Amino acid sequence: MPKMKTVSSAKKRFKFTGSGKIKRKHAFKSHILTKKATKRKRDLTKTGLVHTSDVPAVMNMLNAK
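Read on for an overview of the structure. Here the structure is a predicted model, which means the values were calculated and not measured.

**Notes on the side chain of Lys 36**
Reasoning step 1: Within the secondary structure layout, Lys 36 lies in the loop between strand 2 (22-25) and helix 2 (38-45).
Reasoning step 2: One buried charged residue, Lys 36, forms no salt bridge at all, with the nearest opposite charge on Asp 43 at 13 Å.
Reasoning step 3: Residues contacting Lys 36, with those up to four places away along its chain left out, are Phe 28, His 31 and Lys 41.

As structure tokens, this is what we get:
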């Protein structure tokens, strides 16, 4: 049987926290920043958590249990 491979894009984008939740980064922080408020840009810098409804899909992409 072939090996189970992780999705390369997913392993670059997601990390696990110590308690087992999945961290992610916010989108819309790479360019066209002049029209965005300073507070919005600052908040986009911080990490977030993957929504509970998306966790099974991300776990499947990472081949995690």
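**Considering helix 3 (residues 55-62)**
Owing to its 3.6 residues per turn, the α-helix brings residues three or four apart onto one side.
Reasoning step 1: If you check which residues of helix 3 are buried, you get Val 58, Met 59 and Leu 62. Each buried residue of helix 3 sits inside an arc of 100 degrees when the element is viewed along its axis, so together they form one side. Opposite the packed face of helix 3, turned more than 90 degrees from it, sit the exposed residues Pro 56 and Asn 60.
Reasoning step 2: Two residues or fewer after helix 3 comes Asn 63, characterised by a positive phi angle close to 55 degrees.

**A look at the pattern of salt bridges**
Reasoning step 1: Per the counting criterion, the structure on display carries one salt bridge.
Reasoning step 2: Among the ionic pairs, Asp 43 bridges to Lys 46, the shortest N-O distance being 3.4 Å.
Reasoning step 3: Overall, the relative accessible area of 48% leaves Lys 46 in the partly exposed class.

Calculation rules
- Residues numbered from 1 in each chain as written.
- Predicted model: local features only at pLDDT ≥ 70, side-chain atom pairs only at ≥ 80, totals over all residues.
- Heavy atoms only, no water.
- Helix = DSSP H or I, 4+ residues; strand = E, 2+ residues; numbered from the N terminus.
- Buried < 20%, exposed > 50% of the residue type's maximum accessible area, 1.4 Å probe, protein only.
- Lys, Arg positive; Asp, Glu negative; His and termini not counted.
- Salt bridge = Lys/Arg side-chain N within 4 Å of Asp/Glu carboxyl O.
- Contact = heavy atoms within 4.5 Å.
- Arc of directions from axis to C-beta.

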